[in-house]
Structures are given as structure tokens and as C-alpha cells.
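# Secondary and tertiary structure notes
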Amino acid sequence: MPKKPLVIVTRKLPDAIETRMRELFETELNLDDAPMTREQLGEAVKRADVLVPTVTDRIDSAVLAHAGPNLRLIANFGTGVDHIDVATARQRAITVTNTPGVLTEDTADMTMALILAVPRRLREGIAMVEKGEWTGWSPTHLLGHRIWGKRLGIVGMGRIGTAVARRAKAFGLQIHYHNRHRVAAQVEEELEATYWESLDQMLARMDIISVNCPHTPATFHLLSARRLKLLQPHAYIVNTARGEVIDENALTRMLAKEEIAGAGLDVFEHEPAVNPKLLALPNVVLLPHMGSATIEGRMDMGEKVIINIKTFVDGHTPPDRVIPAML
């Protein structure tokens, strides 16, 4: 790879990150910030030495089939790599990196915000004030539920799930979790967390469910229609991970029938499309995939991308290399 590789960036990044990339590499930026079409992605992988995509870019086997001989690195701007065919990239000797760790606290903050917002009916309250329908305080007006003392079931106890648990414990929630592997004993002790090997058993006993696992083939519709029906009618579900982890149609039907109490969703199964039936429900809080949207987080992501590219260009294994076995 040349000392100044051609780096193609698919979306607008923070100015300071773009400036540093221009200093270090031969960089093509997307100043309009419009998502690239599949044809444009195919042209980009044909010319680039390094591609810097984001979650909005589907880098599948069909796109990678257009990859030119110089493409050796896909330095993803983001933690999740479910939009990249990592196995095909590896077969074509293309290294894939991501930006783990830097979004943990931001996403955990947003998760906690939704855990608070949904049971306390914030969406309904905001709408009432904005529409001029609020006529004053009443003892029985917009009664929600306290979260203190409730059981929180975390699906995916990785970095973000653990950060959510720490926040939730401070709010008086009892921590339960399901994970591929049990966390270290000292973490369980610190959080006073209860491990459930069976996801089904945990779901049936919780007051609030927080989805914090990545989207992989193994987690697609992990919360299926069958599993969602295990939830108790008073339960709430919050998802700041990936929309594909939940069967969104089944969730929408259950919310409409009040078979569960409510939901807080920052991600959707067919982004940026949102199920119109969800939009009409009063017992949901819907956000536009903004869980990681802080200035500090975006800067940290960009710096990780630069480190991964620079390390790779210098002939070393980048610190955040992703391999299929990790997924």
C-alpha cells in the first residue's frame, strides 16, 4: 500500500477528522453527506486503497465483487459491522476494522434515558404541552410507573450492557442479564447481577428489557414473536442496539393490543423507514438512531479510524481488526 493511500469516505465526518485525514492520506470526502448508491459504492471499492463506510452503507458480497486489487482495508466508522460482509472481505484479503469502546457511555446514557422515559410517559406529556392540551396539575394525570425496585433484564452484557447495568443499579433497578458467556464474578458482584442461561426464562420474569447485543446472523429476530409473548403485560422493552434483533411487526402488534406496556426504540428493523403503526402508538418513544450521537463520540470514532488506517499503512495489524470468529 502506498504511503499516501487513496481513502474514500462515504459520509460527512467531523471537520477536524476530515482535515486530519486529508493531511495523512489522499482522501476523497462526501461533502454533501448523501448516502452513496450501490453503484457509487461499487465504484468506490474499485478505486480505493481504503474505504471508510458507515452503518448506512451495505458492503455485501455484491459490492465487494467490484473491489479493485488495491482495496486492502475497510475502516468502518462505527462499532457494528453487520452491514459489512466480513467473511467475503477476508476471502478477498481485505482487512476490516471498527471503532469499539468509544460509544459505550453515550449509548448507555441514551438507553437509560429511554428506560426512564417510557414508564413515565414522557412522550405523552410532551405532546400534551406542545398541543396546548394541558389544563393543569391533577392527582391522577398521566400516571406512569416508578422504576425503583423493578427488574431490568439486559440482553447482551458486553461493554454497553455493562455500562447500562451500572447506571440502572444507581436508579434502584435489580439487574438481570442473558449473555453468550457469563461475565466475570467480580462484575456480577459489583452489579449484584443475576445471570440467566435461558433467555426465555429471563424474559418471562422482567419488568423492563434492554436490548444491547449486536446484530449478527445468530441474533436476527432473537426477540421473535414467540419470545415477545413471554413478556408480562406490564413489561417495557428498550432497544438501542439494532432493529433487526427484534421482530418489529410482532412487537408493533403487541403494543397496539397492549399485550406489553410500552417500548423505547432508537433503532428500527428497516431503517430509516419506521413502521407507520408504531408512529401512531402513544405508549412508545421513538428516536432517530441517535444513541451514539455526541460530538465527543464522533470525534473518538474518527480518531480510531485514523489510527487503524495509519497502523495498517505502516505495515502493522490495526488495533481494531474484525474477524468473522468475533461475530
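An unreviewed UniProt entry lists the chain under the name D-glycerate dehydrogenase, with Futiania mangrovi given as the organism. Per UniProt, the chain has the following entry under Sequence similarities (unreviewed entry): "Belongs to the D-isomer specific 2-hydroxyacid dehydrogenase family."

### Observations regarding unusual backbone geometry
Most peptide bonds take the trans form, and the phi angle of most residues other than glycine is negative. In the segment running from Glu271 into Pro272, the intervening peptide bond is cis, with an omega of 0 degrees. You can see Pro272 is positioned in the loop between strand S11 (262-265) and helix H12 (276-279). You will see that Asp33, though not glycine, has its phi angle at about 65 degrees, which is positive. Of note, Asp33 is situated in the loop between strand S2 (26-28) and helix H2 (38-47). Unlike most non-glycine residues, His221 shows phi in positive territory, near 50 degrees. Note on placement: His221 falls in the loop between strand S9 (208-211) and helix H10 (225-228).

### Concerning the pattern of salt bridges
This structure, assessed with the given rule, holds 21 salt bridges. Arg11 is paired through a salt bridge with Asp33; the nearest N and O atoms lie 3.0 Å apart. Pair noted here: Arg11 is in the loop between strand S1 (6-9) and helix H1 (15-24) and Asp33 is in the loop between S2 and H2, with a separation of 22 residues, a long-range link. Overall, Arg11 belongs to the buried group, its relative accessible area being 15%. For Lys310, the salt bridge goes to Asp314, with nearest N and O atoms at 3.2 Å. Accessibility expressed as a relative area gives 33% for Lys310, which makes it partly exposed.

### Focus on the side chain of Thr10
By the element assignment, Thr10 lies in the loop between S1 and H1. Since its relative accessible area comes to 0%, Thr10 is described here as buried. In contact with Thr10, other than residues within four places in its own chain, are Asn30, Ala34, Met36, Leu41, Leu51, Val52, Pro53, Thr54 and Asp57.

### Let's talk about the UniProt feature "domain: D-isomer specific 2-hydroxyacid dehydrogenase NAD-binding" (unreviewed entry) in the chain
With numbering matched to this structure, UniProt assigns "domain: D-isomer specific 2-hydroxyacid dehydrogenase NAD-binding" (unreviewed entry) to residues 112-291. For residues 112-291, helix accounts for 31% and strand for 15%, while the C-alpha atoms at its two ends are 10 Å apart.

### Focus: helix H5 (residues 104-117)
Quick reminder: α-helices carry 3.6 residues per turn. Residues three or four places apart thus point the same way. With 14 residues, H5 should reach 20 Å at 1.5 Å per residue; the first-to-last C-alpha distance of 20 Å fits that figure. Within H5, ten of the 14 residues are buried, which leaves it mostly tucked inside the rest of the structure. Among all positions of H5, only Thr104, Asp106, Thr107, Ala108, Met110, Thr111, Met112, Leu114, Ile115 and Ala117 are buried.

### Thoughts on the sheet that holds strand S12 (residues 284-286)
Across the sheet, seven strands lie side by side as S8-S7-S6-S9-S10-S11-S12; this open sheet has parallel pairing. The open sheet has two edge strands with one neighbour each: strand S8 (194-195) and S12. As paired strands, strand S10 (residues 236-239) and S11 are joined by four bridges and run parallel to one another. Its bridge partner lying in S11, Val238 is registered against Gly264.

### A closer look at the nonpolar core
Ile209, Val211, Leu223, Leu228 and Ile237 are the most contacted members of the largest nonpolar core, which totals 29 residues. Looking at this core, the elements that each hand over two or more residues are helix H9 (199-203), S9, helix H11 (248-256) and S11. If one sorts the elements of this core by residue count, H11 sits on top with four residues. Contacts of Ile209, omitting those with residues within four sequence positions, involve Leu152, Gly153, Val155, Met202, Leu203, Leu223, Leu231, Tyr236, Ile237 and Val238. Val164, Ile175, Ile208 and Leu287 belong to the second-largest nonpolar core, a separate cluster that totals 27 residues.

The rules behind these values
- Numbering of residues begins from 1 in every chain and follows the order in which that chain's sequence is written.
- In keeping with the predicted nature of the model, local features appear solely for residues at pLDDT of at least 70, side-chain atom pairs appear and are counted solely at 80 or more, and the whole-chain, interface and lining totals rest on all residues.
- Each side-chain value is derived from all of the structure's non-hydrogen atoms; neither hydrogens nor water enter the calculation.
- UniProt positions are given in the numbering used here, feature names are shortened, and annotations may be inferred rather than shown by experiment.
- Under the scheme used here, helices are H or I runs from DSSP no shorter than 4 residues and strands are E runs no shorter than 2 residues, and both carry numbers assigned from the N terminus.
- Salt-bridge detection follows one rule: a side-chain nitrogen of Lys or Arg within 4 Å of a carboxyl oxygen of Asp or Glu.
- Three exposure classes are used, based on accessible area relative to the maximum for each residue type with a 1.4 Å probe and protein chains only: buried under 20%, partly exposed in between, and exposed over 50%.
- Whether two residues are in contact is decided by their heavy atoms: any pair within 4.5 Å suffices.
- Take the number of residues in a helix, subtract one, and multiply by 1.5 Å to get its expected span.
- Any two strands between which DSSP finds at least two bridges are classified as paired.
- Residues belong to one nonpolar core when they are buried, are Ala, Val, Leu, Ile, Met, Phe, Trp, Tyr or Cys, and are joined through side-chain atoms within 4.5 Å.

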